[in-house]
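This is what each chain is made of:
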Amino acid sequence: MSYEVSIIIVSYNTKEMTIECIKSVIEQTRQVKYELIVFDNNSSDGSADAIISSFPDITVFKNKENYGFAQGNNIAIKEACGEYVLLLNPDTVVLNRAIDNLVLFSKENILSGIWGGRTLFADKSLNPSSCWNQMTAWSLFCRASGLAVIFPNNEFFNSEAIGGWQRDSVKEVDIVSGCFFLIKKSLWESLNGFDRRFFMYGEEADLCLRAKKLGVTPLVTDKAEIIHYGGASEKKRAGKLIKLLKAKVQLIRNHWKPGVKEFGVFLLMLWPYSRYIATKLIFFLNKTDSMEANYSVWEEVWANKSSWIKGYY
């Protein structure tokens, strides 16, 4: 059977959220013909069985090991029959026919090849992480020096996050977040999907940057909105930061020119180091529980530098 879009949800210990997500897909997707594929990464909370019981008509991969986000999508999409593939995080809720609107937007802007929408937090305030621009030496300096934090709404100082843009218009971007990521299946296949080395974080950035080399420019619309809670499967902040840094190092090694790769890694390294020093000083001056918790996170990240500084090599 053929479908317009194959919706892929990779889940890991997010049973209640995944069920809520699937319900929102079914309730809000009325125009496009779709299939829904859930790839469960060996959850210990009974996710796979609960999803099978609640939604017997959808395809569920019940795995005996955790393949991670990148490889989970790669495996699931091999079974997909849609002309388009939509990656949708399990910790999301589809609003106002967002999938219908995103697919329609893609057909109206068919040359883009990759499309994204607008994400909101649970309170319906803007969650700006739906899209990004790629890392540059300047953006890494601004992050390490704190300029991106001091001027979060200034695109010059906070260029990766496209600071100041409320995601309230159509815009070309470098990277669309994997939480709500629409791509032509033919383009996905020509790129050989995600680089499986990216276990979690960075895989969509790598794919978008590889697509850009083929002339593809991702496009974001404000007419397709979802709630994205964020971080549901990663509870420990230090662990998340370590995985994020590892992915960022790999992105530099994959996509920066040979002569500046090591300089880029050095600039990236200054971010956790500067936070470690700053939080240590602040905790010394203000010994509160919250300051200690913040310092402990960056202390752990910096102490584990050897686990992320080389990326995935």
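Summary of the structure given here. Given the structure is predicted, the values throughout are model-derived calculations rather than measurements. (Residues numbered from 1 in each chain as written. Predicted model: local features only at pLDDT ≥ 70, side-chain atom pairs only at ≥ 80, totals over all residues. Heavy atoms only, no water.)

## Thoughts on unusual backbone geometry
Okay, step 1: Even without being a glycine, Asn42 presents a positive backbone phi close to 60°.
Okay, step 2: With respect to the helices, strands and loops of the structure, Asn42 is situated in the loop between β2 (34-40) and α2 (47-54).
Okay, step 3: You can call Asn42 partly exposed: its relative accessible area is 37%.
Okay, step 4: The phi angle at Lys124 is positive, at roughly 75°, despite the residue not being glycine.
Okay, step 5: Mapped onto the elements of the fold, Lys124 is located in the loop between β6 (114-120) and β7 (126-127).
Okay, step 6: Classification of Lys124 as partly exposed rests on a relative accessible area of 49%. (Helix = DSSP H or I, 4+ residues; strand = E, 2+ residues; numbered from the N terminus. Buried < 20%, exposed > 50% of the residue type's maximum accessible area, 1.4 Å probe, protein only.)

## Quick word on the side chain of Glu35
Okay, step 1: Within the element layout of this structure, Glu35 appears in strand β2.
Okay, step 2: Despite its burial, Glu35 pairs with no opposite charge; the closest candidate is Lys185, at 6.8 Å N-O.
Okay, step 3: Excluding residues that lie within four positions of it along the chain, Glu35 makes contacts with Tyr3, Val5, Ser6, Ile7, Glu79, Ala80, Cys81 and Gly82. (Lys, Arg positive; Asp, Glu negative; His and termini not counted. Salt bridge = Lys/Arg side-chain N within 4 Å of Asp/Glu carboxyl O. Contact = heavy atoms within 4.5 Å.)

## Concerning the nonpolar core
Okay, step 1: In terms of nonpolar packing, the biggest core is built from 60 residues, with Ile8, Ile114 and Trp308 touching the most fellow members.
Okay, step 2: Here this core gets eight residues from one element, more than from any other, and that element is helix α9 (residues 237-255).
Okay, step 3: Discounting residues that sit within four places of it in the chain, Ile8 has contacts with Ile37, Asn73, Ala76, Ile77, Ala80, Val85, Leu86, Leu87 and Leu88.
Okay, step 4: Core analysis: the second largest hydrophobic core is formed by 32 residues, Ile19, Leu36, Val38 and Ala48 among them. (Core = buried A, V, L, I, M, F, W, Y, C linked by side-chain atoms within 4.5 Å.)

## Focus on the environment of Ser130
Okay, step 1: Looking at where Ser130 falls in the secondary structure, it is placed in the loop between β7 and β8 (131-132).
Okay, step 2: Residue classification places Ser130 among the buried residues on the basis of a relative accessible area of 3%.
Okay, step 3: Each C-alpha atom, one on Ser130 and one on Val220, is 8.7 Å from the other, the two residues being 90 residues apart in sequence.
Okay, step 4: In this structure the side chain of Ser130 is engaged in a polar contact, spanning 3.3 Å, whose partner is the backbone oxygen of Gly117. (Polar contact = N/O pair within 3.5 Å; in protein donor to acceptor, adjacent residues only side chain to side chain.)

## Description of the pattern of salt bridges
Okay, step 1: Throughout the structure, instances matching the rule amount to 14 salt bridges.
Okay, step 2: In this structure, the salt-bridge partner of Glu262 is Arg253, at a minimum N-O distance of 2.7 Å.
Okay, step 3: Classification of Glu262 as exposed rests on a relative accessible area of 51%.
Okay, step 4: With a relative accessible area of 16%, Arg253 lands in the buried category.
Okay, step 5: Overlapping salt bridges bring together Arg143, Glu160 and Lys248 as one network.

## Remarks on the packing of helix α8 (residues 203-212) against α9
Okay, step 1: The geometry of α8 relative to α9 is characterised by a closest axis approach of 10 Å and an angle of 15° between their N-to-C directions. As summarised for this structure, α8 and α9 are arranged roughly parallel, according to the angle between their axes. Classified by chirality, the crossing of α9 by α8 is right-handed. Only Leu251, Asn254 and His255 of α9 make contact with α8, whose side of the interface consists of Ala205, Asp206, Leu209 and Arg210.
Okay, step 2: In terms of residue class, the contact of α8 with α9 is made up of three nonpolar, two polar and two charged. (Axes fitted to C-alpha atoms, helices over the stretch in contact; angles between N-to-C directions. Parallel < 35°, antiparallel > 145°, perpendicular 65-115°, else oblique. Left-handed = near helix turned anticlockwise from the far one by under 90°. Nonpolar A, V, L, I, M, F, W, Y, C, P; charged D, E, K, R; others polar.)

## What to know about the pairing of β6
Okay, step 1: Counting buried residues in β6 gives seven out of seven residues, a clear majority hidden from the surface.
Okay, step 2: Across three bridges, the pairing between β6 and strand β11 (residues 180-184) is antiparallel. Each bridged residue has a counterpart across the sheet, and for Trp115 the counterpart in β11 is Leu182.
Okay, step 3: Sheet topology places β6 next to strand β12 (residues 219-228); five bridges connect them, and they run parallel. The partner of Leu120 across the bridge, within β12, is Ile227.
Okay, step 4: Pairing analysis gives two bridges linking β6 to β7, with the strands arranged antiparallel. By the bridge assignment for β7, Leu120 is matched with Leu126.
Okay, step 5: Between the end of β6 and the start of β7, which pair antiparallel, lie five residues, with Lys124 showing a positive phi angle near 75°. (Pairing = 2+ DSSP bridges.)

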